[in-house]
Amino acid sequence: MAKPKLALYWAASCGGCDVAVLDIEVKILDVAAFFDIVFWPCATDFKYKDVEAMPDKSITLCLFNGSIRNSENEKLAKLLRAKSVVLVAFGSCAQEGCIPALANLTTKEAIFKTVYLDTPSTHNPDKIFPQPVTKVKEGDLEIPVFWEKVKSLDQVVDVDYYIPGCPPQSTQVAAVIEAVIDILKNGKPLPPKGTILGAGDKTCCDECPRTRKEKKVKQFYRLHEILINPDECLLDQGIVCMGPATRSGCGALCVKANVPCRGCYGAPPNVHDQGLKMLSAISSVIDAQEPDEIDKIINTIADPTGTFYRFSMAHSTLKIADL
Amino acid sequence: MAFEPRIVAFFCNWCTYTGADLAGVSRLKSPANIRIIRTMCSGRVDPSFIMKAFELGADGVLIGGCHPGDCHYAEGNYKALRRVHLLKKMMRSFGIDEKRLRLEWISASEGDVYQHVATEFTQTIRSLGPLNWKQHVDQKSSSEQAVVV
Amino acid sequence: MVTVKIDEIEVQVQEDTPILKAAEKAGIWIPTMCHSELFEPYGVCRLCSVEVIRGKRSRIVTACNYPVREGLTIQTNSAKIQWIRKIIMELMLSRWPNVKVVKETAEKLGIKESRFPSLERDEAEDACILCGRCVNVCREVVQAEILAFAYRGIKREVVLPFGEQSDKCIVCGACALVCPTGHIKMVIEDYKGKKPEFTLGPKTSIYVPTMQGIPRVPVIDAESCIHFKTGGCETCAKVCEPHAINYDMKEEVVEIDAGQILLTTGYDIFDGSKMAQFGYGMLDNVYSSLEFELMLNSTGPTGGKVQLKNGKAPRAVGILHCIGSRDHEHHPYCSRVCCMYALKFAHLVHDRTEAAIYQFYIDMRAFGKGYEEFYSRLLDEGITMIRGKAAEVVESTWSKNGDGSLLIRCEDTLIGKFREVPVDMVILCNAMEPQKDVDAIRRVFSISKSPDGFFLERHPKLDPTSTMSDGIYIAGCAQGPKDIPDTVAQASSAAAHILSYISKGEVEIDPVRAWIDEKYCSGCRICNSLCPYTAIDFIEDKKISIVNDVLCKGCGTCVAACPASAITGKGFSDAQILAELEGLLEI
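Residues numbered from 1 in each chain as written. Chains lettered and ligands numbered in written order. Predicted model: local features only at pLDDT ≥ 70, side-chain atom pairs only at ≥ 80, totals over all residues. Heavy atoms only, no water.

(A) Inspection of the overall build of chain B at higher detail. Secondary structure summary: chain B contains five helices and four strands in total. Listing every helix and strand of chain B by position from the N terminus yields β-α-β-α-β-α-β-α-α. Put simply, chain B has 149 residues, and 60% of those count as buried. The contacts in chain B between residues at least 6 apart in sequence include a share of 80% that link residues at least 24 apart. Accessible surface computed for chain B: about 5,400 Å², of which carbon and sulfur atoms make up 52%. (Helix = DSSP H or I, 4+ residues; strand = E, 2+ residues; numbered from the N terminus. Buried < 20%, exposed > 50% of the residue type's maximum accessible area, 1.4 Å probe, protein only. Contact = heavy atoms within 4.5 Å. Areas by Shrake-Rupley, 256 points an atom, 1.4 Å probe, with all protein chains shown as cover.)

(B) Focus on the pattern of salt bridges. Applying the stated criterion across every chain, the model contains 46 salt bridges over all chains. Ionic pairing is found between Arg442(C) and Asp70(B), a salt bridge with its closest N-O pair at 3.0 Å. Of this pair, Arg442(C) sits in helix 11 (residues 438–445) while Asp70(B) sits in the loop between strand 3 (60–65) and helix 3 (76–94), each in a different chain. There is no split in this pair, since Arg442(C) and Asp70(B) are both buried. Its salt-bridge partner being Asp424(C), residue Arg315(C) comes within 3.2 Å of it at the nearest N-O pair. In this pair, Arg315(C) is assigned in the loop between helix 8 (289–296) and strand 13 (316–323) and Asp424(C) in the loop between strand 18 (417–423) and strand 19 (425–430), connecting sequence segments 109 residues apart. (Salt bridge = Lys/Arg side-chain N within 4 Å of Asp/Glu carboxyl O.)

(C) Structural context of helix 1 (residues 16–25) of chain B. All names here are of chain B. Taken as a whole, helix 1 has its buried residues at Thr-16, Thr-18, Gly-19, Ala-20 and Ala-23. Where helix 1 is buried, its residues contact strand 1 (7–12), strand 2 (34–39), strand 3 and helix 4 (111–128). Count one or two residues on from helix 1 and you reach Arg-27, which has phi positive near 60°.

(D) Region of interest: the interface of chain A and chain B. Each partner contributes residues to the interface: chain A has 38 residues there, and chain B has 32 residues. A buried area of about 3,300 Å², summed over both sides, lies between chain A and chain B, and 65% of it is on carbon and sulfur atoms. Applying the counting criterion to the chain A and chain B interface returns one salt bridge. Put simply, chain A and chain B have eleven residue pairs in polar contact (both at pLDDT 80 or more) between them. At the level of elements, helix 4 (71–83), strand 8 (146–151), helix 10 (274–284), helix 11 (291–298) and helix 12 (304–308) of chain A are the ones that each hand at least two residues to the side of chain A that touches chain B. If one sorts the elements of the side of chain A that touches chain B by residue count, helix 10 of chain A sits on top with eight residues. The residue inventory of the side of chain A that touches chain B, partitioned by class, reads 20 nonpolar, nine polar and nine charged. (Buried area = accessible area lost by both parts, 1.4 Å probe. Polar contact = N/O pair within 3.5 Å; in protein donor to acceptor, adjacent residues only side chain to side chain. Nonpolar A, V, L, I, M, F, W, Y, C, P; charged D, E, K, R; others polar.)

(E) Here's a closer look at the sheet that holds strand 4 (residues 101–105) of chain B. Residues and elements named next belong to chain B. Strand order in the open sheet formed by four strands is 2-1-3-4, with parallel pairing between adjacent strands. Across the chains shown, the open sheet's two edge strands, defined by having one partner strand only, are strand 2 and strand 4. On average, adjacent strands in this sheet sit at an angle of 20° to one another, irrespective of strand direction. Taken strand by strand, helix 1 contacts strand 1, strand 2 and strand 3, and its axis lies near 115° from that of strand 1. (Pairing = 2+ DSSP bridges. Axes fitted to C-alpha atoms, helices over the stretch in contact; angles between N-to-C directions.)

(F) Focus on the packing of aromatic side chains. All names here are of chain B. Applying the stated criterion to the full structure yields 19 aromatic pairs over all chains. Residues Trp-14 and Tyr-73 carry aromatic rings whose centres are separated by 6.3 Å and whose planes lie at 75° to one another, so their mutual orientation is edge-to-face. Of this pair, Trp-14 sits in the loop between strand 1 and helix 1 while Tyr-73 sits in the loop between strand 3 and helix 3, and the two are 59 residues apart along the sequence. Here Tyr-73 falls in the buried class, since its relative accessible area comes to 2%. (Phe/Tyr/Trp six-rings, centres within 6.5 Å; stacked < 30°, edge-to-face > 60°.)

(G) Structural view of the domain arrangement of chain A. Taken domain by domain, chain A consists of domain 1 (5–99 + 149–186), domain 2 (107–147) and domain 3 (204–315). On a C-alpha basis, the centroid separation for the pair domain 2 of chain A and domain 3 of chain A is 38 Å. (Domains from an automatic or database assignment.)

(H) Molecular detail of the sheet that holds strand 16 (residues 390–395) of chain C. All names here are of chain C. Read across the sheet, three strands follow the order 16-17-18 without closing on themselves; strand pairing throughout is antiparallel. Each edge of the open sheet is held by one strand with a lone partner, namely strand 16 and strand 18. Neighbour-to-neighbour, the strand axes of the sheet open up by a mean angle of 20°, direction not taken into account. As paired strands, strand 16 and strand 17 (residues 406–412) are joined by five bridges and run antiparallel to one another. Looking at strand 17, one finds that Glu-395 is bridged to Leu-406.

In C-alpha cells form, the structure reads like this:
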C-alpha cells in the first residue's frame with residue numbers, strides 16, 4: 001500500500017510554524033516513516049509544477065501555514081486545496097491572520113511607502129516600487145501581486161481543520177500528528193469539519209497557575225512600567241493579558257514566563273470576535289465612573305486595537321478597515 | 001433617492017426603551033430610521049453587537065441607558081459608558097467615524113429627550129453619509145479576485 | 001373602702017384618701033391656696049384646715065394631706081374653722097391686698113377686709129404670696145430644683161440659686177403655669193431660635209399631630225418635653241389611665257420582610273418664600289395653604305378661629321391661586337387641588353368671619369363630582385372672584401396705624417384693568433411638589449420619576465399604580481398631585497394589585513437570568529466584580545464562577561463582559577440579539 005501523502009506549505013508567515021513541526025523532535029521520524037512527504041518547500045526541493053502535476057485529492061494531508069498576503073499565497077492555497085483531501089490551517093496566520101493581518105489597519109500604499117521610501121535604511125531616490133510585471137528583453141518578469149488586505153486561509157479556500165498558535169505548541173503538533181496517524185492506520189472517523197485541533201475548549205486562564213482576585217483596574221501598565229508579581233493574575237496587576245479571551249492549549253507558556261498572554265490561540269469556542277470580547281471584558285473592569293477618568297485609564301492601554309486583535313485581525317467583525 | 005440612514009439602537013428596558021415608548025405615546029414625532037433592540041440594561045450591550053450592526057449595514061448605532069445613578073441595576077450604565085469609550089478609540093483605528101456611535105442617558109420620563117436625540121443623531125448620520133461596510137468589504141474582495149484569475 | 005361623714009354627708013372613699021379629695025367627692029368646697037394636683041400635698045397655707053371629730057375629741061387638721069380613716073366625722077365649716085380661715089385670710093389680705101386670687105378667696109369666704117396691719121404690705125396685683133407651688137413643681141415635677149425658698153419669717157421669699165439665672169433651668173415654664181398670682185412670667189428675651197416649621201405649630205410637648213390621622217395618638221416632642229431634659233415631670237404618664245405613655249421608646253430601624261411595597265410618600269408644599277413678591281415669611285398674615293388649614297382646624301392652635309396675628313378678626317381676605325404651579329419658573333403643572341380648597345377656604349372664612357373674600361385665579365378648575373356645584377354656591381355666597389394671577393403683595397403704605405393692612409396688586413383680565421385690593425390676610429395656594437428626598441427614595445426602589453419629579457407609573461392610563469419594578473406600587477401624591485377621592489381610588493387600586501398577588505400565593509419572576517457554562521468558564525473572575533447583586537461566586541476548588549439564580553436580576557452585564565462567552569443571558573442571549581440584529585438590518 002502506498003504511503004499517505006503529506007504536504008506542508010509556508011505562505012505569509014515568519015516560518016516559525018515550520019520550525020514547530022520540526023520541534024516535535026524524534027517524532028518527525030515517525031512522520032517521515034508513515035507519510036510520503038510530497039511538498040515542503042522549506043525542507044525539501046519541490047517545484048510548484050510538481051504539485052500542479054499531481055492528480056486532484058492525491059495529497060492526504062496538507063498543513064498550510066501563513067496568511068494570504070499576495071497572489072502567490074492565494075494561488076498556492078487554491079492549488080493545495082484542490083490537491084488535498086484534508087487541508088489544515090496550521091498556526092495563527094493561516095487560521096486568523098496573525099501579525100501580518102495587523103497590516104489591515106492600514107493600506108497597501110502606506111505599507112509600500114513605509115517599506116520602500118520611509119524606512120531609514122532605504123535609499124530609493126527614484127521612488128521605485130515593485131511591479132507585478134516588469135518587461136526585460138528576455139521577456140516579462142513577474143512577481144506576486146501584493147494584495148490590499150491580508151486574509152486568513154479560510155477566507156480564500158475551504159478549510160477542514162485548524163491548529164492554532166503562534167506557533168502551535170510542538171507537543172500539540174505531535175499529538176495531532178499522532179492522532180492523524182492513528183486515524184489513517186485504524187480507519188477511525190475524522191472529527192467534524194472545522195474542528196480546532198491541538199487546543200482546549202477553555203481559556204488560557206484554565207492553564208494559568210496565577211491566583212486571581214476580583215478585578216478592578218485603576219491603571220494599565222506596560223511590561224517595563226511595573227515589577228510583576230509572578231504569583232498574581234497579570235490582569236489584576238493592571239497588565240493587559242489576553243488570557244481570558246484566548247483558547248487554552250498552549251499550557252499558559254507566556255504567563256508562566258511572567259509575560260502576558262498575547263492571544264495567539266485565538267478566540268475561545270463561543271466567541272466570534274476575540275478583540276471585541278477582550279475590549280468588553282477589559283472596559284468592564286475599569287474602576288472609574290467619570291468620563292474623564294475613564295479616558296485617562298483607557299489611555300494607559302497602549303494600542304488597544306493592535307493589542308486585542310494582535311492575532312485575529314483577519315477574523316475581526318470589521319474585516320477590512322480604511323473607509 | 002435621498003440617503004436614509006439605518007440606525008440600530010440598543011435601549012435599556014427601564015429607562016430609554018420606556019422613554020422612547022413615552023415619546024410615541026405622547027405623539028412626539030421621531031425619525032423612523034431608528035431600529036430598536038431592547039436589552040434589560042445598557043450594560044448588556046456587547047461591543048460585538050455594535051460592530052456586528054455596522055458589519056450588517058447599520059450606518060449608526062445609538063445606545064440608550066439610564067442616567068448615572070439611576071440604573072435599575074445599580075451601575076450597568078457605567079459599564080456601557082466604559083465600553084463605548086474604549087470602543088470609540090478602537091473605531092478610530094478601524095477608520096470608522098466615532099460619531100457613528102453614540103451613548104445617551106435617557107430616562108423613562110424623557111420622551112422629549114428621546115425625540116431630540118433620535119432626530120439629532122439621524123441628522124448626524126445623514127450628514128456623515130452611508131457607511132456601507134458590507135458592500136465595501138465585498139467589493140474589495142471581488143476586485144482582488146478578478147486579478148487572481 | 002371606708003365611710004366618712006363630712007358635714008353630715010356620708011361618703012365612701014379609699015382609705016388614706018386626703019380629706020380634700022373626699023370632700024370633693026361629697027361636693028363640699030374647701031378653700032385652698034398652696035395646693036396643686038401636680039405634686040404631693042404641701043399643707044403650708046393652712047387655709048384648708050378642717051375639724052376632725054373622733055368621739056368626743058376634735059382636732060384641727062389640713063384637709064389636703066390628712067388621710068381619712070373609717071368612721072371619721074369631719075366638719076369643714078364649723079365656727080372654729082370659720083374663725084381660723086378668717087384669721088388666715090385677713091393676714092393674707094393685709095399683706096397682699098390687691099392679689100386677685102387672695103381677694104377672690106376672701107370674698108368667697110365672706111371676708112371683706114383685714115383687721116391687721118402688715119409690716120411687709122405689698123400692693124402689687126401680681127405679688128408673690130409664698131404659696132410654694134412654684135418651688136414644689138420645680139422640685140417634684142420638673143425635678144430641676146431651681147426654685148427654692150430662702151430666709152425665714154417675714155423675710156421668706158422664692159429665689160433662684162444665688163439670685164441668678166441658672167443653667168439648670170430648662171425654661172419649661174411650669175412655675176409660671178402653677179403660679180396663682182402671675183408673679184412668675186415667661187418672657188422671651190431674645191428669640192434667636194430657628195423659625196418653627198409652622199408658625200401655628202403645636203404648643204405643648206405632647207400633642208396629637210393630626211386629629212384626623214390614623215391612629216390618632218399623641219406624640220411627645222422630645223426636644224421640648226421636660227421629662228427628656230430632667231428625667232422628671234411624667235405628668236402625662238401619671239394622668240394617663242391606660243398607662244400608654246412610654247418614655248423609653250426610641251427611634252429604631254426595623255427590618256421587615258415584604259414581598260410587595262406600596263409607596264405613598266406624599267408631597268411637599270412649594271416654599272412660598274421662593275416667590276418674594278408675595279411676601280411669605282416677610283409680611284405678617286401671609287399664610288401658606290397648609291398653615292391656614294391648621295388655623296381652620298377646630299383642634300388647631302386657634303381652635304378653628306380665623307384671626308390675624310394680633311388676634312383680631314380679618315376684614316378682608318385674599319386667596320391667591322397657583323403659587324409655584326402653572327408657572328414655568330417653578331412647576332409647569334397644575335396642582336389640581338388648589339382651586340377647590342381655595343373655595344373651601346373662602347367658604348369657611350365666610351362662615352366664621354365677616355370678612356370680604358377675594359380669589360385671584362388664572363382659571364377655575366372645578367372638575368370633580370359636585371365641584372362645579374360648590375363653585376356656584378360660593379359665587380352665591382358673595383365671594384369676589386378676580387380672574388388674574390396676583391402680581392404681588394405689599395404692605396399698604398396708607399395704613400399708618402400698624403394694623404398690617406396689605407395690598408394685593410393684580411391685573412383683572414375680565415375688566416382689563418390693574419387693580420389694588422386692600423386686605424389684611426393673604427392665603428397662598430402653594431403648589432404641590434415632589435418630596436425633597438424623592439431621588440433617594442426612588443433609587444432605593446429602582447423606580448423612575450416623571451418630568452415633574454413625581455414617581456413614574458408603569459403606564460399613565462392603563463397601569464397608574466404599578467411601577468417598572470415588580471412588586472413596587474405607588475399611590476397618591478407621590479405619583480402626582482391629586483385630591484382625596486383620587487388618592488383613595490388609587491390606593492385601592494394598588495391594594496387590589498397587591499392582594500391579587502397575595503391571594504395567588506406565588507409570583508412569577510422573569511426567567512431572564514445569567515447562567516455560566518462550566519465547560520467554558522476558566523475562572524478569570526472578570527465577571528465577579530461586575531455583578532451589582534453579588535450573585536456571582538467564585539468556586540475556589542473548581543476554579544470557575546457560578547451564578548446564584550435567586551440573586552441574579554438578569555441585567556446581562558456579566559454576559560457582555562465574559563471574555564470566553566461562557567455566560568449566557570437567558571432571554572437575551574448573544575444568538576437571540578444577533579438574530580434580532582440580522583432581522584432588523586435585512587431591509
